[in-house]
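For reference, the chains in residue letters:
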Amino acid sequence: MTATLPRVLPSPDGKPIPPPGTADIFRAFAQDLAAGRRPWTTETAQFIAAQFDQLATDWDTTRATGRDDPLRDALTRGGPLPTGPCLELGSGTGLFTPLLSTTFPQVISADLSLRMLQQAHGRSPARVQADASTLPLPDSSVTVIAAIDMLLFPAETARVLAHDGALLWINQLGSDGPLYLPAPDVASALPGTWQATESEAGWGTWAVLRRIR
């Protein structure tokens, strides 16, 4: 079940829309991975890590959108949110970690790219290089997972998230983003039964998902 809230933060001009062909390929990959139609291999993980290692130094100035509207709106209107530790998956250079830290007492930043994590020094005090398909965390050990422009690994997400926890699913560029996955698709991919609250904000979309059973 998905509840859609009305937009309150407008979409400004100048949205950085990715090239259609490239974005379509990545969206198809993200959708197939989440649905279990495509495997996640060591070779794929190594390739993606190498790509983001190369982009890390200039990421903030050349690749990042610079807007946190979807995350801010999710934190404001997607609650009430649990207040325990938050795992930030695909944390990158830590652009959104300070905002998450204003809501959650501990934020653990995890990324596949070591160089991205190095760029996050000073923003993310707790950083770990990790593959989101095999997280080095115990079962039910975090109360919130924040996934911002991230691939979905359903089984591992459900494993480390507390049963009464929440998944923040953020697409900074909405349906134009290369890893866009709508809230109903996220909910159906996750093990068990989940309910979602979603909305649009700025250039992007957000959803807060909670496990019903």
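How each quantity is defined
- Residues numbered from 1 in each chain as written.
- Predicted model: local features only at pLDDT ≥ 70, side-chain atom pairs only at ≥ 80, totals over all residues.
- Heavy atoms only, no water.
- Helix = DSSP H or I, 4+ residues; strand = E, 2+ residues; numbered from the N terminus.
- Polar contact = N/O pair within 3.5 Å; in protein donor to acceptor, adjacent residues only side chain to side chain.
- 1 Å grid on protein atoms, 1.4 Å probe; cavity = no way out; pocket = protein on both sides within 12 Å on 5 of 7 lines; lining within 4 Å.
- Points joined across faces, edges and corners; volume = space filled by probe spheres on them.
- Nonpolar A, V, L, I, M, F, W, Y, C, P; charged D, E, K, R; others polar.
- Buried < 20%, exposed > 50% of the residue type's maximum accessible area, 1.4 Å probe, protein only.
- Pairing = 2+ DSSP bridges.
- Salt bridge = Lys/Arg side-chain N within 4 Å of Asp/Glu carboxyl O.

Overview of the environment of S188
Looking at the secondary structure, you find S188 in helix α8 (residues 183-189). Taking the C-alpha atoms as reference points, S188 and D139, 49 residues apart in sequence, are found 21 Å from one another. A distance of 3.0 Å separates the side chain of S188 from the backbone oxygen of D185, its partner in a polar contact.

Some details on empty space enclosed by the protein
A water-sized probe rolled over the atoms picks out the places where empty space is left. Under the defined criterion, the tally for this structure stands at one cavity of 30 Å³ or more. Volume-wise, the largest cavity comes out at about 40 Å³. L89, A132, I145, A147, M150, L151, L152, F153, T157, L167 and W169 together form the lining of the largest cavity. Breaking the lining of the largest cavity down by element, the ones donating at least two residues are β5 (142-148) and β6 (161-171). Taken together, the residues of the lining of the largest cavity break down into ten nonpolar, one polar and no charged.

A few points about the pairing of β5
For β5, the buried fraction is high: seven of the seven residues fall into the buried class. Pairing geometry for strand β2 (residues 86-89) and β5, over four bridges, is parallel. The residue bridging L89 from the neighbouring strand is A147, located in β5. Pairing analysis gives six bridges linking β5 to β6, with the strands arranged parallel. Each residue of the ladder has a partner; that of A147, found in β6, is W169.

Some thoughts on the pairing of strand β8 (residues 204-211)
Most of β8 is tucked away, with eight of its eight residues classed as buried. Residues of β8 alternate between two faces, with G204, W206, V208 and R210 on one and T205, A207, L209 and R211 on the opposite face, all of them buried. In this sheet, β8 lies alongside β6 in antiparallel orientation, the contact comprising six bridges. Pairing of I170 across the sheet is with W206, part of β8. As judged from the eight bridges shared by strand β7 (residues 194-201) and β8, these two strands associate in the antiparallel manner. Each bridged residue has a counterpart across the sheet, and for S199 the counterpart in β8 is W206.

A closer look at the pattern of salt bridges
Tallied over the entire structure, the rule returns eleven salt bridges. With its nearest N and O atoms 2.8 Å apart, the salt bridge here joins R37 to D32. R37 gets classed as exposed once you look at its relative accessible area, which sits at 57%. The shortest N-O distance in the salt bridge between R123 and D60 comes to 2.8 Å. A residue pair is termed long-range when its members are at least 10 positions apart, and R123 in the loop between α6 (114-119) and β4 (127-129) and D60 in helix α3 (residues 59-62) qualify at 63 residues. Judged by relative accessible area, R123 falls into the partly exposed class, the value being 30%. Each of R67, D68, D69 and R72 takes part in a single network of salt bridges with overlapping partners.

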